[in-house]
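Listed below are the residues making up each chain.
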Amino acid sequence: MATSFTSSISMQPRFSQATTTRFSLQKPVPVFKTNLSFTLRPRSMPARLAISCAAKQETVEKVSEIVKKQLSLSQDQKVTAGTKFTDLGADSLDTVEIVMGLEEEFGITMAEERAKEIATVQQAAELIEELVLEKTA
């Protein structure tokens with residue numbers, strides 16, 4: 001006589017955009033024997049979308065307003081955390097002007113290398129909060 005146990009393991013990387021992988025384990029356990037066997041069976045799971053917003057909403061809103069001002073956008077133009085500057089028609093010169101406006105508004109200085117990495121409102125807001133923390137520390 002054998003007894004079968006089943007368990008499930010879920011693995012998901014903490015900082016990756018990869019989908020969750022789940023494995024189902026079946027372990028037949030003979031009642032009178034000591035050997036164990038394991039079977040791994042991968043099951044496909046639907047991908048889940050997760051959006052993380054590390055910057056404060058207040059900072060994102062300020063950045064959005066500065067972007068609208070620098071690009072001469074109307075106040076009813078929707079600019080969200082995920083909005084890319086290029087989607088708003090900004091070129092590299094516009095991005096430099098946006099960075100200058102952000103530096104002036106928040107009283108910070110961005111290194112050129114870090115400023116070049118900014119492509120969205122969210123990225124700008126996160127960098128600003130990081131620089132403000134460094135400045136006050």
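Overview of the structure. None of the values given here were measured: they were computed from a predicted structure.

Tracing the backbone shows D91 in the loop between α1 (57-70) and α2 (92-106). Judged by relative accessible area, D91 falls into the partly exposed class, the value being 42%. There is a polar contact of 3.1 Å between the side chain of D91 and the backbone nitrogen of L93. Polar side-chain contacts of D91 include one of 2.8 Å to the backbone nitrogen of D94.

Quick look at the nonpolar core now. Counting residues in each nonpolar core, the largest one holds 25 residues, and the members touching the most others are V63, V67, F85, L102 and M110. Residue assignment for this core shows that the elements contributing at least two residues are α1, α2 and α4 (121-136). The residues contacting L102, other than those within four sequence positions of it, are V63, I66, I108, M110, A124 and I128.

It is worth spelling out α4 at this point. The end-to-end C-alpha distance of α4, which contains 16 residues, comes to 23 Å, matching closely the 22 Å that a straight helix rising 1.5 Å per residue would cover. Here α4 has its buried residues at V121, Q122, A124, A125, L127, I128, E129 and L131. Against α1, α2 and α3 (112-116) lie the buried residues of α4.

Taken together, the side chains of L93, V96 and M100 present a nonpolar region at the surface, about 300 Å² in accessible area. Counting through the fold element by element, V96 comes out in helix α2. Judged by relative accessible area, which is 45%, V96 ranks as partly exposed.

Basis of the calculations
- Residues numbered from 1 in each chain as written.
- Predicted model: local features only at pLDDT ≥ 70, side-chain atom pairs only at ≥ 80, totals over all residues.
- Heavy atoms only, no water.
- Helix = DSSP H or I, 4+ residues; strand = E, 2+ residues; numbered from the N terminus.
- Buried < 20%, exposed > 50% of the residue type's maximum accessible area, 1.4 Å probe, protein only.
- Polar contact = N/O pair within 3.5 Å; in protein donor to acceptor, adjacent residues only side chain to side chain.
- Core = buried A, V, L, I, M, F, W, Y, C linked by side-chain atoms within 4.5 Å.
- Contact = heavy atoms within 4.5 Å.
- Expected span 1.5 Å × (residues − 1).
- Patch = residues over 30% accessible without salt bridge, like charges linked within 9 Å, V, L, I, M, F, W, Y side chains within 5 Å.
- Areas by Shrake-Rupley, 256 points an atom, 1.4 Å probe, with all protein chains shown as cover.
- Salt bridge = Lys/Arg side-chain N within 4 Å of Asp/Glu carboxyl O.

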